[in-house]
Amino acid sequence: MRDLLRQRTSLKEEIEILLNNQVKMEAEASAKYMAMASWCDRNGFRNSAKYFMKQSAEEREHMVKIFNYLMFVGGTAVSPEVSAVKQEFPTFRSVFESALQNEIAVTQSINRIVTQSRKEEDYATENFLQWFVKEQTEEEDNARHALELFDMIGEEGSGLYMIDKAILKIGKDD
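These numbers come from a predicted model, not from an experiment.

Undergrad: How should I be thinking about the UniProt feature "domain: Ferritin-like diiron" (unreviewed entry) in the chain in this particular structure?
TA: In the numbering used here, UniProt assigns the feature "domain: Ferritin-like diiron" (unreviewed entry) to residues 9–154. This span, residues 9–154, is 79% helix and 0% strand, and a straight line between its end C-alpha atoms measures 54 Å.

Structure, rendered in C-alpha cells:
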C-alpha cells in the first residue's frame, strides 16, 4: 500500500523524512521556548517570559505549516514526539544564548532541506521552504539582538531589569 501511495505524490521519501524531522525540531523548539518562559517567569523576568511564550507559539505555527504542507503534497505527516527539554538555566544571559544556539540549529536544518530539495529537483518544496529561509534570518537577528542587550546595557545594578524591559521591543521595529 505504501508504494501505491508513493506513486500518488512527487514528494521523494528522503524529503518527506527531512520535513518530518523538521516538524519534530519545530515542536522541540516550541517546548524549549516554553521552558525558557517558565524559567524567566520564576526568576522575575516577566517581559522575557512573554517574549519566549510568543516565540514558542511561532515555533508551533512553523511546525503546523510544515505538517500541513506534507499532507497537502500527499506525504505522510508524522505527529512529533517531544523529548524532555532543559528546564533550568544558570543565568538570565544563558537563556538567550541557548535561544540563539537553537535558532542557528533550525537555520542549518532548513538549509539542509533546501539543499536536498534542489538535489532531488523538488522545486515545490524548495519554493515552500523559502518562507522559512527568510523567517530564520529574522529569528537569528532577533536572538542576536537580545544577546547584544546584555553587552550594551550590562548586567550590573539595574541592568537585568533594563534588559528585561527592552526585550519586548525586539522585532517590533522591523
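Still more ground to cover, so stick around.
Undergrad: Please explain the nonpolar core as it appears in this structure.
TA: Most often, soluble globular proteins keep nonpolar side chains buried together rather than apart. Ranked by size, the top nonpolar core spans 24 residues in total, and within it Cys40, Phe52, Phe92, Val95, Phe96 and Ile167 carry the most contacts. Elements represented by at least two residues in this core include exactly helix H2 (13–42), helix H3 (46–72), helix H4 (92–119), helix H5 (123–153) and helix H6 (159–167). Excluding residues that lie within four positions of it along the chain, Phe92 makes contacts with Trp39, Cys40, Phe45, Ser48, Phe150, Leu160, Ile163 and Asp164.

Undergrad: Hey, could you run me through empty space enclosed by the protein in this one?
TA: If you roll a probe as big as a water molecule over the atoms, it shows you where there is empty space left. If you walk through the whole model with that rule in mind, you get 1 cavity of 30 Å³ or more. Taken as a whole, the largest cavity encloses approximately 50 Å³ of empty space. As for the largest cavity, its lining consists of Tyr33, Tyr51, Phe52, Gln55, Phe96, Ala99, Leu100, Glu103, Glu139, Ala143 and Ala146. Mapped by element, the contributors of at least two residues to the lining of the largest cavity are H3, H4 and H5. No other element matches the 4 residues that H4 contributes to the lining of the largest cavity. For the lining of the largest cavity, the class distribution of residues is 8 nonpolar, 1 polar and 2 charged.

Procedures and definitions
- Residues numbered from 1 in each chain as written.
- Predicted model: local features only at pLDDT ≥ 70, side-chain atom pairs only at ≥ 80, totals over all residues.
- Heavy atoms only, no water.
- UniProt positions renumbered as here; feature names shortened; annotations may be inferred.
- Helix = DSSP H or I, 4+ residues; strand = E, 2+ residues; numbered from the N terminus.
- Core = buried A, V, L, I, M, F, W, Y, C linked by side-chain atoms within 4.5 Å.
- Buried < 20%, exposed > 50% of the residue type's maximum accessible area, 1.4 Å probe, protein only.
- Contact = heavy atoms within 4.5 Å.
- 1 Å grid on protein atoms, 1.4 Å probe; cavity = no way out; pocket = protein on both sides within 12 Å on 5 of 7 lines; lining within 4 Å.
- Points joined across faces, edges and corners; volume = space filled by probe spheres on them.
- Nonpolar A, V, L, I, M, F, W, Y, C, P; charged D, E, K, R; others polar.

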